[in-house]
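Chain by chain, the residues:
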Amino acid sequence: HHGGKHVNPLNGQTEDNGTSIIDVTDPKKPKYLHHIVGEPGEGESGGAQMVRVCDGKTLPKGDPNKTYLLRTYGTSGHEIWDVTDPAKPGHLITLVKGHKDTHKNAWECDTGIAYLVTDGRVDGFRSKRITKIFDLSDPMNPKFIRNFSLIGQEPGSKGPVPEDLHGAIPLGNRIYFGYGTLLGGVIQIVDREKLLKGNPNSKDPFAPTPENLRSPIVGQLLMSAYNGAHTTFPMLGMPIAEYAHDKEGGKRDILMIVDEAILNECNEPRQMVWFADITVESRPTMISTWTVPEASGDFCQ
């Protein structure tokens with residue numbers, strides 16, 4: 001949940017919003033099991049907005065008899081809980097704490113690799129949101145791998161600071177990064193193996209230098225200064241009806257990009273859904289957009 005307070009129906013107490021655990025075995029009769037209290041604060045500043053769950057039997061080094069929950073703690077941290085008994089979760093470990101702008105997370109259950117959005121300023125970066133990568137294959141023994149950001153956000157860089165990261169979406173040997181929520185959007189397609197192993201041509205493969213940050217990038221696309229890349233969702237092998245009978249092009253790899261309005265939609269550049277053709281990863285190309293037409297019913301009102 002986002003920040004704020006609400007009455008916990010299980011105990012009647014007003015609590016800071018956090019994580020609700022619900023039994024939906026019977027979808028028609030969901031049962032509220034537990035509420036894990038989140039960070040105090042309102043809106044984006046509190047609660048526990050992001051959550052991922054992995055079974056220990058899937059994680060390479062997890063306890064096969066346990067189920068693990070990875071969540072943000074407001075905007076200050078990331079933590080892991082034992083939710084084997086979903087009605088009685090228990091806190092296991094805090095990965096990150098004392099930050100000011102933690103956000104989205106992604107967790108590969110089959111490998112244990114986690115991509116956490118953390119406050120880069122804690123590590124000397126010029127951006128309040130970068131990627132901090134951990135090996136959580138054994139959730140009780142997390143191993144930090146590296147920090148990753150856009151060039152221009154790294155420590156010691158000069159000039160304008162690129163927009164902050166929103167999050168990463170891993171799929172196969174690619175990680176799709178989106179930067180900029182509503183302006184200055186940047187899309188990155190990154191080679192996962194190179195990201196996790198670092199630059200082989202560097203004495204310090206994970207040092208946040210422009211060369212090391214550039215090394216794993218397969219493709220990158222700058223959006224309009226007026227639009228962001230809040231979420232970058234890969235849709236690979238999409239059938240294209242118009243090209244169904246052509247020798248080539250009947251299927252394309254598409255990246256769906258969604259940006260997000262912060263204020264009233266019509267008091268800022270229109271945010272919408274974008275579709276990019278990433279079949280040739282080194283040259284992603286925007287091919288279409290979708291939005292709710294103003295003419296459909298006074299959208300701005």
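What you see is a predicted model; the values in this text were computed from it and never measured.

Asker: Got a minute to help me understand the environment of Ala225 in this structure?
Answerer: Inspection of the secondary structure assignment puts Ala225 in the loop between β16 (217-222) and β17 (231-239). For the pair Ala225 and Gly185, spaced 40 residues apart in sequence, the C-alpha separation works out to 6.8 Å. If sequence neighbours within four positions are ignored, Ala225 has contacts with Leu183 and Gly184.

Asker: Help me understand the pairing of strand β14 (residues 174-179) in this model?
Answerer: Side chains on a regular strand alternate between the two faces of the sheet. For β14, the buried fraction is high: 6 of the 6 residues fall into the buried class. The two faces of β14 match: Arg174, Tyr176 and Gly178 on one face and Ile175, Phe177 and Tyr179 on the other face are all buried. The pairing of strand β13 (residues 165-171) with β14 spans 6 bridges and is antiparallel. Across the sheet, residue Leu165 finds its bridge partner in β14, namely Tyr179. Bridge count between β14 and strand β15 (residues 186-191): 6 bridges; the pairing is antiparallel. Bridge pairing links Tyr176 to Ile189 in β15.

Asker: Mind showing me how you'd approach the nonpolar core here?
Answerer: Here is a general trend for soluble globular proteins: nonpolar side chains tend to be buried in one another's company. Formed by 18 residues in total, the largest nonpolar core has its most connected members in Tyr115, Ile133, Phe148, Ile175, Phe177, Tyr179 and Leu195. Elements with a minimum of two residues in this core: β10 (113-118), β12 (143-148), β13, β14, β15 and α1 (192-197). With residues up to four places along the chain from it excluded, the contact list for Phe177 reads Thr131, Phe148, Leu165, Gly167, Ala168, Val186, Ile187, Gln188, Val190, Leu195 and Thr232. Counting 13 residues, the second largest nonpolar core, distinct from the first, contains Ile93, Val96, Trp107 and Leu136.

Asker: For this particular structure, what's the right way to read the sheet that holds β17?
Answerer: In any sheet, the strands associate via hydrogen bonds between backbone groups, in a parallel or an antiparallel arrangement. The strand order across the open sheet built from 4 strands is β17-β18-β19-β20, with neighbouring strands paired in antiparallel fashion. Each edge of the sheet is formed by a strand with only one pairing partner; in this case those strands are β17 and β20 (285-290). The sheet shows a mean angle of 25° between the axes of neighbouring strands, direction not considered. The sheet contact formed by β17 and strand β18 (residues 251-258) spans 7 bridges and is antiparallel. Residue pairing across strands places Phe233 opposite Met256, the latter belonging to β18.

Asker: When you look at the state of the cysteines in this model, what are you seeing that I'm missing?
Answerer: By definition, a disulfide is the covalent link that joins the sulfur atoms of two cysteine residues. All told, the structure shown has 1 disulfide when counted by the stated rule. Disulfide pairing is shown between Cys54 and Cys109; the S-S distance is 2.0 Å. Disulfide Cys54 to Cys109: torsion about the S-S bond roughly -85°, handedness left-handed. With Cys54 in strand β5 (residues 51-55) and Cys109 in the loop between β9 (105-107) and β10, the pair connects residues that are 55 residues apart, well separated along the chain. On the basis of relative accessible area, Cys109 is assigned to the partly exposed category, the value being 21%.

Asker: It is not clear to me how the packing of aromatic side chains should be interpreted in this structure. Could you clarify?
Answerer: Aromatic rings in a pair are described by how distant their centres are and how their planes are angled relative to each other. The full count for this structure, using the stated rule, is 3 aromatic pairs. Relative to Phe177, the ring of Phe148 has its centre 5.4 Å away and its plane inclined at 40°; by these criteria the two rings are tilted. Residue Phe148 is located in strand β12, and its partner Phe177 is located in strand β14; the two are separated by 29 residues in the primary sequence. For the pair formed by Phe148 and Phe177, the shared burial category is buried. A network of ring pairs unites the aromatic residues Phe148, Phe177 and Tyr179 as a single cluster.

Cut-off values and rules
- Residues numbered from 1 in each chain as written.
- Predicted model: local features only at pLDDT ≥ 70, side-chain atom pairs only at ≥ 80, totals over all residues.
- Heavy atoms only, no water.
- Helix = DSSP H or I, 4+ residues; strand = E, 2+ residues; numbered from the N terminus.
- Contact = heavy atoms within 4.5 Å.
- Buried < 20%, exposed > 50% of the residue type's maximum accessible area, 1.4 Å probe, protein only.
- Pairing = 2+ DSSP bridges.
- Core = buried A, V, L, I, M, F, W, Y, C linked by side-chain atoms within 4.5 Å.
- Axes fitted to C-alpha atoms, helices over the stretch in contact; angles between N-to-C directions.
- Disulfide = S-S within 2.5 Å.
- Phe/Tyr/Trp six-rings, centres within 6.5 Å; stacked < 30°, edge-to-face > 60°.

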